[in-house]
Amino acid sequence: MSCEKIDQIIDKYVDEKGYLIQLLLDIQKEFRWIPKEAVMRINQRLKIPVSEIYRVASFYTSLSLKPRGRHLIRLCLGTACYVRGGPKILDSIERCLCITPGETTADGRFSLETVSCLGSCDLGPVIELDGIYHGRLTTTNLGELLSHCK
Amino acid sequence: MPFLTCSDDLAQLQRVLLAINDYKKPTVVLCGATGCDTLGAKEVVKAFNDEFKKRNLENKIDMKETGCLGSCERGPRVTIQPEEIAYFRVKASDVPEIVERTLLNGEIIERLLYVDPVTGVPARYLYEVPFYKYQNRLLLDRNAKIDPKNIEDYIKLSGYKALAKVLFQMTPDQVIEEIKKSGLRGRGGGGFPTFQKWDSARKASETPKYVIVNGNESNPGTFMSRILMEGNPNVILEGLIIGGYTVGAHEGFIYVRQDYPLAIENMQASIDQAIAFGLLGKNILGSGFDFEIKIVKSAGGFVAGESTALMKAIEGRVGEPRPKYIHSSEKGLWGKPTVLNNVETWANIPLIINNGAEWFSGIGLAGNKGTKIFVLSGNAINTGLIEVPLGITMRDIVFKIGGGIRNGKKFKAVQIGGPAGGMIPEQYLDVPIAFDELEKLGAKMGSGGLIVMDNETCMVDAARYFVNFLCKESCGKCVPCREGLLQANDILTKIVSGKGEEKDVEKLREIAETSSVASLCALGATSANPMLTSLRYFAYEYEEHIHRKRCPALSCKPLINFYIDPAKCMACTLCSRNCPVKAIDGAVGKIHIIDQAKCVKCGTCFDQCKFKAVTKISGEPVPPPIPEEQRIKRPAPRSRGP
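The structure displayed is predicted, hence computed values, not measured ones. (Residues numbered from 1 in each chain as written. Chains lettered and ligands numbered in written order. Predicted model: local features only at pLDDT ≥ 70, side-chain atom pairs only at ≥ 80, totals over all residues. Heavy atoms only, no water.)

> Describe in detail the packing of helix α7 (residues 161-169) of chain B against helix α11 (residues 233-247) of chain B, supporting the description with residues and values.
All names here are of chain B. Between α7 and α11, the least distance of the axes is 9 Å, while the angle of their chain directions is 10°. Relative to α11, the element α7 lies roughly parallel. Contacts between α7 and α11 involve Lys161, Ala162, Leu163, Val166 and Leu167 from the former and Glu238, Ile241, Ile242 and Tyr245 from the latter. For the contact of α7 with α11, a count of residues per class yields 7 nonpolar, no polar and 2 charged. (Axes fitted to C-alpha atoms, helices over the stretch in contact; angles between N-to-C directions. Helix = DSSP H or I, 4+ residues; strand = E, 2+ residues; numbered from the N terminus. Parallel < 35°, antiparallel > 145°, perpendicular 65-115°, else oblique. Contact = heavy atoms within 4.5 Å. Nonpolar A, V, L, I, M, F, W, Y, C, P; charged D, E, K, R; others polar.)

> Break down the pairing of strand β18 (residues 560-564) of chain B for me, citing the residues and quoting the values.
Residues and elements named next belong to chain B. Most of β18 sits out of view: 4 of its 5 residues are buried. Pairing of β18 with strand β21 (residues 614-618) involves 5 bridges; the strand directions are antiparallel. Bridging from a neighbouring strand, Asn561 pairs with Ile617 of β21. (Buried < 20%, exposed > 50% of the residue type's maximum accessible area, 1.4 Å probe, protein only. Pairing = 2+ DSSP bridges.)

> So what's going on with helix α7 (residues 139-147) of chain A? Residues and values would help.
Residues and elements named next belong to chain A. By the burial criterion, the buried members of α7 are Leu142, Leu145 and Leu146. One side of α7 carries all its buried residues, which in axial view fall inside an arc of 90°. Every exposed residue of α7 that faces more than 90 degrees away from the buried side is listed here: Thr140 and Glu144. (Arc of directions from axis to C-beta.)

> Account for the side chain of Thr66 of chain B, with residues named and values stated.
All names here are of chain B. As for its position among the elements, Thr66 is in strand β2 (residues 62-66). Residue Thr66 is classed as buried on the basis of its relative accessible area, which comes to 2%. Thr66 has contacts with Val29, Leu30, Cys31, Gly32, Ala33, Arg77, Asn143, Ala144, Lys145, Ile146 and Pro148, leaving out every residue within four places of it along the chain.

> Go over the sheet that holds strand β17 (residues 449-454) of chain B with me, naming the residues and quoting the values.
All names here are of chain B. Taken in spatial order, the 5 strands line up as β14-β13-β17-β15-β16 in an open sheet, and their pairing is mixed. Each of the sheet's edge strands pairs with one partner strand only, and the pair in question is β14 (384-389) and β16 (422-425). The mean angle between the axes of side-by-side strands here comes to 30°, regardless of whether they run parallel or antiparallel. By the bridge criterion, 4 bridges tie strand β13 (residues 371-378) to β17 in an arrangement that is parallel. The residue bridging Ser377 from the neighbouring strand is Ile451, located in β17. Relative to the sheet, helix α10 (residues 224-231) contacts β13, β14 and β17, its axis offset from that of β13 by approximately 115°.

> Explain the sheet that holds strand β10 (residues 338-342) of chain B residue by residue, including any values.
Residue and element names in this part refer to chain B. The parallel open sheet is built from 4 strands, whose spatial order is β9-β8-β7-β10. Looking along the sheet, the strands with just one partner apiece sit at the ends: β9 (292-298) and β10. The average undirected angle you get between the axes of adjacent strands in this sheet is 20°. In the packing of helix α12 (residues 261-276) onto the sheet, the strands contacted are β8 (251-257) and β9, and the crossing angle to β9 comes to about 170°.

> Describe the pairing of strand β19 (residues 584-587) of chain B, listing the residues and the values that go with them.
Residues and elements named next belong to chain B. With 3 bridges joining them, β19 and strand β20 (residues 590-594) adopt antiparallel strand pairing. When the bridges of β20 are listed, Ala587 appears paired with Lys590. Between β19 and the antiparallel strand that follows it, β20, lie 2 residues; Gly589 among them carries a positive phi value of about 85°.

> Report on helix α6 (residues 86-97) of chain A, specifying residues and quantitative values.
Residues and elements named next belong to chain A. For α6, which comprises 12 residues, the first-to-last C-alpha distance of 16 Å matches the rise-based estimate of 16 Å (1.5 Å per residue) to within 8%. What α6 keeps buried is the set Gly86, Ile89, Leu90, Ser92, Ile93 and Leu97. Each buried residue of α6 sits inside an arc of 165° when the element is viewed along its axis, so together they form one side. Residues of α6 that are buried sit in contact with β1 (71-76), α5 (79-83), β2 (110-115) and α7. The first or second residue beyond α6 is Cys98, which carries a positive phi of 55°. (Expected span 1.5 Å × (residues − 1).)

> How would you explain the packing of helix α8 (residues 172-182) of chain B against helix α14 (residues 343-355) of chain B if you had to name every residue and give the values?
To characterise two packed helices, one gives the angle between the axes of the helices and the distance between these axes. All names here are of chain B. At a minimum axis separation of 10 Å, α8 and α14 run at an interaxial angle of 100°. Between α8 and α14, the crossing angle belongs to the class labelled roughly perpendicular. Each of Val175, Glu178, Ile179 and Ser182 in α8 lies in contact with α14, whose residues at this interface are Ile349, Ile352 and Ile353. Classifying every residue of the contact of α8 with α14 gives 5 nonpolar, 1 polar and 1 charged.

> A description of the interface of chain A and chain B should follow, citing residues and the corresponding values.
The interface is formed by 40 residues belonging to chain A together with 60 residues belonging to chain B. If you sort the residues of chain A by the area they bury against chain B, Phe59, Thr79 and Asp122 of chain A come out on top, with a joint share of 16%. Where chain A touches chain B, the interface holds 5 salt bridges. We note a salt bridge from Asp259 of chain B to Arg74 of chain A, for which the minimum N-O separation is 2.7 Å. Our count for the chain A to chain B interface comes out at 19 residue pairs in polar contact (both at pLDDT 80 or more). Of all the elements, helix α2 (residues 20-31) of chain A adds the most residues to the side of chain A that touches chain B, at 5 residues. Grouping the amino acids of the side of chain A that touches chain B by side-chain chemistry returns 16 nonpolar, 11 polar and 13 charged. (Buried area = accessible area lost by both parts, 1.4 Å probe. Salt bridge = Lys/Arg side-chain N within 4 Å of Asp/Glu carboxyl O. Polar contact = N/O pair within 3.5 Å; in protein donor to acceptor, adjacent residues only side chain to side chain.)

> So what about the packing of aromatic side chains? Which residues, and what values?
Any aromatic ring pair is given by two values, namely how distant the centres are and how the planes are angled relative to each other. For the structure shown, the criterion picks out 19 aromatic pairs over all chains. Centroid distance Trp359 of chain B to Phe360 of chain B: 6.3 Å. Interplanar angle 55°. Geometry classified as tilted. Accessibility expressed as a relative area gives 31% for Trp359 of chain B, which makes it partly exposed. A relative accessible area of 0% places Phe360 of chain B in the buried class. On the basis of an interplanar angle of 55° and a centroid distance of 6.1 Å, the ring pair of Phe399 of chain B and Phe411 of chain B is categorised as tilted. One end of the pair, Phe399 of chain B, is in helix α16 (residues 394-401); the other, Phe411 of chain B, is in strand β15 (residues 411-416), with 12 residues separating them in the sequence. Phe411 of chain B gets classed as buried once you look at its relative accessible area, which sits at 8%. Pairwise contacts between aromatic rings join Tyr82 of chain A together with Tyr465 and Phe466 of chain B into one cluster. Over the aromatic face of Phe374 of chain B sits the side chain of Lys372 of chain B, whose NZ or CZ is 5.6 Å from the ring centroid. One cation-aromatic arrangement involves Lys616 of chain B over Phe606 of chain B; the distance from NZ or CZ to the ring centre is 4.6 Å. (Phe/Tyr/Trp six-rings, centres within 6.5 Å; stacked < 30°, edge-to-face > 60°. Lys NZ or Arg CZ within 6 Å of the ring centre and 35° of its normal.)

Geometry only, nothing functional implied.
So this is what it looks like as structure tokens:
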């Protein structure tokens, strides 16, 4: 964990108002999650109570207080994906990776999250794998997709 | 890059841009939005570039990436201008043929055209495609004409003309009067008259004032805001600047989901360009009016789209709504007068200013003016983004634009208004889509989700799905929503698992009614809709689940079993080979049997069977396996198996 990196991110927000969420999003972009060290550093430098930082970080669904794997799978279970077979894809991922939503595989390769809509309802079922959308998923092309992630 | 210092500069720039535009030059227009991109649009773009280079056509044919037209499912879309020949599902391998036959020889490639699934007639040109033909695309049409990263494209189509008109020819009161006459109501779901918000913020004495774009689109089944932000960001900026001028604000915020990277990128590019052109920043167009816009990324959460919660999120705090006895237009962001409108509402403003309130109020029904963008999804044949005049009937949307139901199944319901909307059955398909009419049916307009459900969708499970969503998204601040939804979710889960009891329906109704009157914000108050509409229109399904332990739609897993009909089984082994838990016993020439104890009801066998031998059974026992000696079957012809 690089404290220097955390400080660089905090530096951008020193004079801004209403920065906490944007700051946490940037921290997460860098580290893939929000480590305790970052929370403590924000507290020290910006004088925001630790409780407030945790409150915000635990409230918003995109912010993660747990380490995430090298690849992040975000499966859409929005209405359109749901009626088009999203739950089947979830079953298949759960069986194949032995994790449930919110968990990370033991080898740290994948984390699985479900989201309520990715806004690509026409292409359902959809997953976002490391920030890239993949649509028209079937259990077959899903396996192929995941096998490319090392 | 010209820095515009007066409104004449803007008009002059538009004239120059129009004059240098060669309308006859062949242009390949590709959709560059998220949907087509996911389906491989980038490879198609590359293939066109390579082909042009190879044939030395780079100066003879233009290429342009635009926003989305809404039929993402048929992407990647390619339109050849000026003829407007429309090709769908284009692959990189199709590109050499398109260049050779269409661009160089003017021929149309039949196999890439859209074919009407009902009549089988191909549509050669974009305007012939039935999906577009029945729409009134005031906002969406420009998406296909504009490169969202090029402000000049927008200016060419009279962009920022409304801003110039407002700054130099209209007083703020005249703008409010115009919006009032237009009859525009908020497109985010509430349907609150836009002019009222603006008027009370304008009259509020405190300063500074703020204007906000709500782009925290988190309703499952909607993406109209994303498409507008990705495809035509300038129209939103223009609306927002006009709003700022009218209410007396000098700062605006665009609150966008961080899951929408392209929307953020295009909005930011437009802000930067608008500043460089003198359309944003200090002394806009020399009028003396200063205005800045900042993008704030949302960290997720459905409830953070509620106006008061959203303002807290911009302040960097936890997004919990507050009671609204004082309106945000008086005390909003940082306690100052604030106007918050949905993306689509802001995008309508320049249209109204340019074309006049009378023109706008000529579209739609009394009290429901203008067009509304919906996302048509679910089990319709044509799905995608549609823009229709308010007052259109659900039937026209589902059957004319949507082309009916997929795979020859039957229509059951339309779910409208997002998760807290309602499910509307067939007998109300002819009711016009309007704010008040929908409320009478127990649904609501919402931000524009329209999910078509076929006869294989279980309405009890659908209600459970929406309640579960709302339960997870509840911020937890007020009791009726936090505790009520939790209980409702438990009850509905019990019913779909076959453990429902007689008194459950009554309890559910009680929870729904309490939540609708006692919740703090709209999330809790409208959470009753999915429960009450499903109880009102599909009571039969509740009864079947509770009393007969049967799911009439054959969809609730705990209540169904898969069974292979021995008379239809061709003993091809396709299902048994694909079964993830090896629950199917059988071999080539030996009729297959599902071991019910092992079956996880994933439905793979049902999807795979080419002979419809796998059936679903609910509410009755599975027939016992046939005796071993009767399981002999003549081997299926090889070609039938894969």
